[in-house]
Amino acid sequence: MKLIRTGMTAAVLAILAGACLAAPLKLQPANPQPNPKAGLNVKYVGQGTQRKIRDLSQAKQLLSKAQPGQPLRGLDYADTNKGEDVMTFTDPYNVAAEVTGYMRFDAPGIYELETWSNDGIEAWVGGQQIGRVTGIQGCEANQRTEVEVPKAGWYPLKIYYFQKLGTSCLMMKSGKKGERITWTPNNVFGR
Ligand SMILES: [Ca+2]
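Model, not experiment: these values are computed from the prediction.

Now, about the pairing of strand β7 (residues 120-125): what can you tell me, with residues and values included?
Burial of β7 is extensive: five of the six residues sit out of reach of the surface. The sheet contact formed by β7 and strand β8 (residues 128-133) spans five bridges and is antiparallel. Across the sheet, residue Glu 122 finds its bridge partner in β8, namely Arg 132.

Account for the environment of Leu 56, naming residues and giving values.
Here Leu 56 lies in helix α2 (residues 56-62). With 40 residues separating them along the chain, Leu 56 and Ala 96 place their C-alpha atoms 8.8 Å apart. If sequence neighbours within four positions are ignored, Leu 56 has contacts with Gly 120, Glu 122, Thr 134, Tyr 160 and Phe 162.

Describe the nonpolar core, naming the residues involved and giving the relevant values.
Core analysis: the biggest nonpolar cluster contains 42 residues, and Ala 96, Ala 97, Val 125 and Tyr 155 have the highest contact counts within it. Top element by residues in this core is strand β5 (residues 95-105). It accounts for seven residues. Apart from residues no more than four positions distant in its own chain, Tyr 155 is found in contact with Leu 27, Pro 29, Ala 30, Tyr 102, Met 103, Phe 105, Val 125 and Gly 126.

What counts and how
Residues numbered from 1 in each chain as written. Predicted model: local features only at pLDDT ≥ 70, side-chain atom pairs only at ≥ 80, totals over all residues. Buried ≥ 20, exposed ≤ 12 C-beta atoms within 10 Å, placed from the backbone. Helix = DSSP H or I, 4+ residues; strand = E, 2+ residues; numbered from the N terminus. Pairing = 2+ DSSP bridges. Contact = placed C-beta atoms within 7 Å. Core = buried A, V, L, I, M, F, W, Y, C linked by C-beta atoms within 7 Å.

Geometric descriptors of this kind do not, in isolation, establish any biological role.
In structure tokens form, the structure reads like this:
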């Protein structure tokens, strides 16, 4: 009897866990709603070529020493050629960045968000984590995350990002669920 009950409990828990994983993450709008300028704020720390950034946790630690950089135009920084600077920074390698600002949704509903990064990332929109890669990788799609947008307006955005060696990229795709997911236009971002 005990075994059966344990088995049933496990089955119920598994079902609950599945339901939780499948539910879209509910985003929290910015309160108060901002009236932002175009672009996204960014802070950088560069380690040069001698001291490598291994992973996300090291990048986040380094960001306590970050300095403001030229704002980003959005999240459309396609994969570089080797040796090209990371976004608006002055170096190509071993760079950590903290990106902050807002993302606008024009209508409530269920959306899909998908970050692309080279290398690692931890991305938050409306208080929910929508992408995470702790190590190094080429420029590729990260998790595709379903989110629930309760009302039209601006949602806080925060991204921790790092580039180790080789090429670098930081981009985002988005779209309403059931429609095409496409590259996110720069004009939905603000700072
Ligand atoms: Ca890289």
